[in-house]
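Now for the letters of each chain:
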Amino acid sequence: MIRFRSILFSGVLVLILGGISFAQDFTPRVGIAGNVSLNLPVLGLRTWFTQAPQFGVNIVYHRHARIEVEFEYHHARFDGGSLEDAEFMWAPTGTTDLQSYQSPNAQSRMRFHSFLVNGVFFFGKQLNDQKARPYFTFGSGMYHYRTTETGLIFPGQTGSSLNTGIVLEPDGDVRTTVGINFGLGVAFYTSDRFALDLRGRYHIIIGQLRPMEAWGLKQVFPFHALDLGIRVKTYF
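Residues numbered from 1 in each chain as written. Predicted model: local features only at pLDDT ≥ 70, side-chain atom pairs only at ≥ 80, totals over all residues. Heavy atoms only, no water.

1. Description of the nonpolar core
Phe112 and Phe223 are the most contacted members of the largest nonpolar core, which has 26 residues in total. In terms of residues, this core owes the most to one element, strand S6 (residues 107–122), which gives three residues. Setting aside anything within four residues of it in sequence, one finds Phe223 in contact with Leu45, Phe112, Tyr145, His203, Ile204, Ile205, Gly207, Gln208 and Leu209. (Core = buried A, V, L, I, M, F, W, Y, C linked by side-chain atoms within 4.5 Å. Buried < 20%, exposed > 50% of the residue type's maximum accessible area, 1.4 Å probe, protein only. Helix = DSSP H or I, 4+ residues; strand = E, 2+ residues; numbered from the N terminus. Contact = heavy atoms within 4.5 Å.)

Structure (structure tokens):
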């Protein structure tokens with residue numbers, strides 16, 4: 001798995017950086033950007049978490065009139081996972097009187113720290129020929145995530161009544177993995193040095209959430225997520 005992750009990341013990096021070798025009649029420049037977006041899990045991941053704000057910063061290398069390379073860091077924080085409201089079934093020992101219960105003190109969270117290299121491939125002509133420039137983006141990088149689940153009542157206990165004081169030990173995962181992202185966007189240039197960038201991206205991340213079968217939550221692998229956001233770029 002480690003070898004596969006390294007090959008995936010290296011391959012995408014070569015594609016992005018290799019594609020800028022044909023620059024002509026353009027003066028390279030560097031910029032910085034800040035971005036804010038909404039991270040929306042999809043497919044299996046959405047059964048665990050719904051949405052979260054995402055914040056990031058970028059270093060932008062505008063090497064060719066139609067190609068940029070971005071070095072990006074972003075952070076997303078998911079709180080209030082569906083596990084907090086999920087119910088489990090329990091019956092007193094020796095009976096079949098199943099009833100559903102919630103864990104009132106349950107907490108379910110996930111944190112992401114991501115370090116990405118993205119290629120931005122503009123459609124159309126040179127920078128100064130138009131103020132709005134649509135583009136396609138593709139990238140890869142490292143995704144570090146941490147999940148925590150606490151306060152869950154132990155559903156396998158025995159007795160004549162449910163003891164809500166018997167809870168599972170805090171659990172979770174901490175992993176660093178790889179993923180790819182791709183999407184579309186449009187950059188609005190108010191001047192040669194300033195741009196407002198609207199972007200939507202789809203992420204596929206080689207991550208995993210273990211099943212919580214007593215609460216009806218299935219294993220998730222890999223992660224799929226969509227982010228919709230805005231970034232402000234300044235060039236030097």
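2. Overview of the pairing of strand S4 (residues 87–90)
The side chains of a regular strand alternate between the sheet's two faces. Across the two faces of S4 the burial differs, with Phe88 and Trp90 buried and Glu87 and Met89 not buried at all. Here S4 runs beside strand S5 (residues 99–102); their pairing, made up of four bridges, is antiparallel. Considered in S5, the bridge of Glu87 is made with Gln102. (Pairing = 2+ DSSP bridges.)

3. Here we look at the pairing of strand S3 (residues 67–78)
As paired strands, strand S2 (residues 52–64) and S3 are joined by nine bridges and run antiparallel to one another. Within S3, the residue paired with Tyr61 across the bridge is Val69. Hairpin connection from S2 to S3: two residues lie between these consecutive antiparallel strands. Judged from the 12 bridges that link them, S3 and S6 form a sheet pairing that is antiparallel. Across the sheet, His74 pairs through a bridge with Ser114, a residue of S6.

4. Some details on empty space enclosed by the protein
Following the criterion strictly, the structure yields one cavity of 30 Å³ or more and no others. Considering only enclosed or pocket space, the largest cavity measures out at about 80 Å³ in volume. Considering the residues around the largest cavity, the lining is formed by Asn39, Leu45, Gln54, His74, Phe112, Ser114, Tyr143, His203, Ile205, Phe223 and Ala225. The set of elements that each furnish at least two residues to the lining of the largest cavity consists of S6, strand S9 (194–205) and strand S10 (223–235). Of the residues contributing to the lining of the largest cavity, the split by class is six nonpolar, five polar and no charged. (1 Å grid on protein atoms, 1.4 Å probe; cavity = no way out; pocket = protein on both sides within 12 Å on 5 of 7 lines; lining within 4 Å. Points joined across faces, edges and corners; volume = space filled by probe spheres on them. Nonpolar A, V, L, I, M, F, W, Y, C, P; charged D, E, K, R; others polar.)

5. Looking at the sheet that holds S2
As summarised here, the arrangement of the eight strands in space is S1-S2-S3-S6-S7-S8-S9-S10, forming a closed barrel in which the pairing is antiparallel. Each neighbouring strand pair of the sheet contributes to a mean axis angle of 20 degrees, computed without reference to strand direction. Pairing geometry for S6 and strand S7 (residues 132–150), over 16 bridges, is antiparallel. In the strand pairing of S7, Leu116 is matched with Gly141. (Axes fitted to C-alpha atoms, helices over the stretch in contact; angles between N-to-C directions.)

6. Points about the environment of Glu68
The residue Glu68 is located in strand S3 in this model. Along the primary structure Glu68 and Val30 are separated by 38 residues, whereas in three dimensions their C-alpha atoms are 9.5 Å apart. Residue contacts for Glu68: discarding those within four places in its chain leaves Val60, Tyr61, His62, Asn118, Gly119, Val120, Phe122, Tyr189, Lys233 and Tyr235. At 3.4 Å, the side chain of Glu68 and the side chain of His62 are in polar contact. (Polar contact = N/O pair within 3.5 Å; in protein donor to acceptor, adjacent residues only side chain to side chain.)

7. A look at the pattern of salt bridges
Under the defined criterion, the tally for this structure stands at 15 salt bridges. Two residues, Glu70 and Arg199, come together in a salt bridge whose shortest N-O distance is 2.8 Å. Taken together, the positions of Glu70 in strand S3 and Arg199 in strand S9 put the pair 129 residues apart, joining distant regions of the chain. For the pair formed by Glu70 and Arg199, the shared burial category is buried. Here Asp79 and Arg109 are joined by a salt bridge, their closest N and O atoms 3.8 Å apart. Here the residue Asp79 occupies a position in the loop between S3 and S4, and Arg109 occupies one in strand S6, the gap between them amounting to 30 residues. A relative accessible area of 39% places Asp79 in the partly exposed class. Among the ionic contacts, a cluster of salt bridges with common partners joins Glu68, Glu70, Asp197, Arg199, Arg231 and Lys233. (Salt bridge = Lys/Arg side-chain N within 4 Å of Asp/Glu carboxyl O.)

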